[in-house]
Amino acid sequence: MIKMNNMISDYPKNIRNKFKELFGQNPLIARSPGRINMIGEHLDYNMGFVLPAAINKAIWLGIQKRDDDTICIHSLDYNDDFHASIDAISPSGKLWPDYILGVVKQIQKTHKLSHGFNIVFGGDIPPGAGLSSSAALECAMGFALNELFRLDYAKMDLVRIGQAAENEFVGVKCGIMDQFASVFGKKEHLIRLDCRSLEYVHVPFHTNNIKILLFDTRVKHSLADSAYNERREQCEKGVKLIQEYHPEVKSLRDANQEMLDLYVKTVDDTVYRRCTYVVSEIKRLLNGCEDLEKDDLISFGKLMFETHAGLKDLYKVSCKELDLLVDLVKDNPDVLGARMMGGGFGGCTINIVRAEAAEAIIEKVSDAYLSNTGTEMLVYEVGIEDGTEVS
Ligand code: GLA
């Protein structure tokens, strides 16, 4: 079994050292965390609710001004460089610089940046694991530029800038959850976000007797991004079909099962199944929040298993590796809840487990995963942390 450690990160120090070596400067450093989501998957772009939290894995991004109009970026983790002119930003041809460039491009819609800048960044959010390392990078970049050029954006503006960078520059039509969670995270709290009104509350989440374990399949299927955009279109189609009879329905948040049965089922069965998942997940999330208020993690955990079933059978965004990881724990009384997390087609499952049983569960699941797939899964025990900050 390979286990990631959860030691205090050396990234801020390493970034300062590298910055000095490459550019002879002392940078501002922004830290922006990855996220988990307890329940409420694929609901953000359907104007439903989500229940994410920022975690103790983050991207750190150091930045300082240059005298010319060049952007010089160094990635510590890829040991790779990218240069661009501030007046001629276009997709880089490799993915990692685009999250940074996409944010610059968004900010340039409202501000002329007077200088180029140097960047060194890195972090311990495993890429491709569904923990939103890309959103964390976008938010770190937004906060860093905001501070460096004194742009005066509010936190919510920076969330939207990160999301727009991903939608328009990277081309993934993601909702607002990942960037929101990264920015508005609060230690030991979940965020109950209403994605329609953008009102949110921090819900206390104590981990005295439990652990949050992420089991990483280490697969990311290549259709993930296109299938994500396709799910969005299918939900929009469901809304259109309902609107013919109920023009007041603006999103699946306003729909109910009866409407789906009457206006969608006979026209398009695939769209019907996708929308049925969304409408039932909205209800599940609200029930789950009531469970949390009563501190009833057993009932909450059952809802997580139900969410997995919906994502697997109706929304069809799971994959055999994720299903295996959920199957391996679903009859274990020490696992209160488990499900695939995030966009799907790979990445991690999230497991709420009794603290004293965690080691034994990890061992058992790791062994079974290895013998079934030939791949060693990774395990991350995560804590819930504060959102983006600049130092
Ligand atoms: C990805 C997207 C989010 C959200 C989740 C699914 O993480 O970036 O906006 O839609 O998938 O809940």
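Residues numbered from 1 in each chain as written. Predicted model: local features only at pLDDT ≥ 70, side-chain atom pairs only at ≥ 80, totals over all residues. Heavy atoms only, no water.

Visitor: Looking at this model, I keep getting lost on the overall build of the protein chain. Mind explaining?
Guide: When helices and strands are counted, the protein chain shows eleven helices and 14 strands. Here the protein chain has a C-alpha radius of gyration of 21 Å; the compact-globule value for 391 residues is 21 Å, and the two agree. Along the first, second and third principal axes, the C-alpha atoms of the protein chain reach 60 × 55 × 40 Å. Counting every position in the protein chain, which comprises 391 residues, the buried fraction comes to 58%. Across the protein chain, contacts joining residues at least 24 apart in sequence account for 72% of those joining residues at least 6 apart. Accessible surface, the protein chain as shown: approximately 16,600 Å² in total, 48% of it carbon and sulfur. In the protein chain, the 45 positive side-chain charges and the 57 negative ones have mean positions that sit 1 Å from each other. (Helix = DSSP H or I, 4+ residues; strand = E, 2+ residues; numbered from the N terminus. Rg over C-alpha atoms; globule rule 2.2 N^0.38 Å. Buried < 20%, exposed > 50% of the residue type's maximum accessible area, 1.4 Å probe, protein only. Contact = heavy atoms within 4.5 Å. Areas by Shrake-Rupley, 256 points an atom, 1.4 Å probe, with all protein chains shown as cover. Lys, Arg positive; Asp, Glu negative; His and termini not counted. Charge placed at Lys NZ, Arg CZ, Asp CG, Glu CD.)

Visitor: What should I look at first to understand the site of the ligand in this one?
Guide: Taken together, R35, E41, H42, D44, Y45, C174, G175, M177, D178, Y228, G342 and G343 make up all the residues around the ligand. Here R35 contributes a side-chain N or O atom positioned 3.0 Å from an oxygen atom of the ligand. With respect to the ligand, the side chain of Y228 contributes an N or O atom lying 2.5 Å from an oxygen atom. Across the complex, the protein chains shield 92% of the 310 Å² of accessible surface that the ligand would expose by itself. Its residues assigned to classes, the shell around the ligand shows four nonpolar, four polar and four charged. (Near = heavy atom within 4 Å. Polar contact = N/O pair within 3.5 Å; in protein donor to acceptor, adjacent residues only side chain to side chain. Nonpolar A, V, L, I, M, F, W, Y, C, P; charged D, E, K, R; others polar.)

Visitor: Could you clarify how one ought to interpret the pairing of strand β4 (residues 52–65) in this entry?
Guide: Across a regular strand the side chains alternate sides, sitting on one face of the sheet and then on the other. Burial within β4 is extensive, with eleven of its 14 residues counted as buried. Here nine bridges tie strand β2 (residues 28–37) to β4, and the two strands are oriented antiparallel to one another. Counted as the bridge partner of N37 is P52 from β4. In this sheet, strand β7 (residues 117–123) lies alongside β4 in antiparallel orientation, the contact comprising seven bridges. Residue pairing across strands places I63 opposite I119, the latter belonging to β7. (Pairing = 2+ DSSP bridges.)

Visitor: Can you help me understand the confidence of the model for the protein chain in this one?
Guide: Keep in mind that low pLDDT regions are not for reading the predicted coordinates in detail. Predicted confidence across the protein chain gives a mean pLDDT of 96, with 98% of residues reaching 70 or more. Every residue in residues 1–6 is under pLDDT 50, and counting partners more than four places away or in other chains gives 18 contacts. (pLDDT = per-residue confidence, 0-100.)

Visitor: Would you mind showing me how to read the packing of helix α6 (residues 224–243) against helix α8 (residues 269–293) here?
Guide: For any two helices packed against each other, one specifies the inter-axial angle together with the distance between the axes. In the contact formed by α6 and α8, the axes pass within 9 Å of each other and the chain directions differ by 95°. When the axes of α6 and α8 are compared, the pair comes out roughly perpendicular. For the pair formed by α6 and α8, the contact residues are R231, Q234, C235, K237 and G238 on the first element and T270, V271, R274, C275 and V278 on the second. Residue composition of the contact of α6 with α8, grouped by class: four nonpolar, three polar and three charged. (Axes fitted to C-alpha atoms, helices over the stretch in contact; angles between N-to-C directions. Parallel < 35°, antiparallel > 145°, perpendicular 65-115°, else oblique.)

Visitor: What is the right way to read the sheet that holds strand β9 (residues 200–204) from this model?
Guide: Sheets are built from strands that pair by backbone hydrogen bonding, the pairs being arranged parallel or antiparallel. Judged by pairing direction, the sheet is antiparallel, and its three strands sit side by side in the order β3-β8-β9 without closing on themselves. One side of each edge strand has no neighbouring strand; the edge strands of this open sheet are β3 (49–50) and β9. Both strand β8 (residues 189–194) and β9 contribute to a ladder of five bridges, which runs antiparallel. Residue L193 lies in a different strand from β9, and its bridge partner there is Y200. In the packing of helix α5 (residues 177–184) onto the sheet, the strands contacted are β3, β8 and β9, and the crossing angle to β8 comes to about 135°.

Visitor: Before we go on, may I ask you to explain the sheet that holds strand β6 (residues 80–85) in this structure?
Guide: Taken in spatial order, the six strands of this open sheet run β6-β5-β7-β4-β2-β14, and their pairing is mixed. Two strands bound the open sheet, and with one partner strand each, they are β6 and β14 (389–390). Note that β2 and β14 share two bridges and pair antiparallel. Within β14, the position partnered with A30 by the bridge is V390. Lying over the sheet, helix α3 (residues 133–148) contacts β2, β4, β7 and β14, oriented at roughly 45° with respect to β4. This element, α5, spans β2 and β4 of the sheet and lies at about 125° to β2.

Visitor: Where do I start with the nonpolar core in this structure?
Guide: Nonpolar side chains in soluble globular proteins generally cluster together in the buried interior. Counting 114 residues, the largest nonpolar core has I36, M38, L51, L61, F117, M141 and L145 as its most contacted members. Top contributing element to this core by residue count: α8, with ten residues. One finds F305, V326, A338 and M377 within the second-largest nonpolar core, a separate group that totals 18 residues. (Core = buried A, V, L, I, M, F, W, Y, C linked by side-chain atoms within 4.5 Å.)

Visitor: Looking at this model, I keep getting lost on the pattern of salt bridges. Mind explaining?
Guide: Should their charged atoms come close, side chains of opposite charge can pair. In total, this model carries 19 salt bridges according to the counting rule given. Of the charged contacts in the structure, one is a salt bridge between E389 and R31, with a shortest N-O distance of 3.1 Å. Highlighted residues: E389 in strand β14 and R31 in strand β2, separated in sequence by 358 residues. Given the relative accessible area of 41%, E389 is considered partly exposed. (Salt bridge = Lys/Arg side-chain N within 4 Å of Asp/Glu carboxyl O.)

Visitor: It is not clear to me how the packing of aromatic side chains should be interpreted in this structure. Could you clarify?
Guide: Aromatic ring pairs are described here by two measures, namely the spacing of the ring centres and the angle between the planes. According to the stated counting rule, one finds eleven aromatic pairs in the structure shown. Centre to centre, the rings of Y277 and Y315 are 4.9 Å apart; their planes meet at 45°, and the pair counts as tilted. You can see Y277 sitting in helix α8 and its partner Y315 sitting in the loop between α9 (297–313) and α10 (320–329), a full 38 residues away along the chain. This pair shows no difference in class: Y277 is buried, exactly as Y315 is. (Phe/Tyr/Trp six-rings, centres within 6.5 Å; stacked < 30°, edge-to-face > 60°.)

Visitor: Would you explain the environment of L131 in this entry?
Guide: Positionally, L131 belongs in the loop between β7 and α3. According to the relative accessible area criterion, L131 is buried, its value standing at 1%. Sequence separation between L131 and V239 is 108 residues; the distance between their C-alpha atoms is 29 Å. Each residue touching L131, except ones within four places of it in the same chain, is listed here: G34, R35, I55, I125, P126, L214, M341, C348 and Y380.

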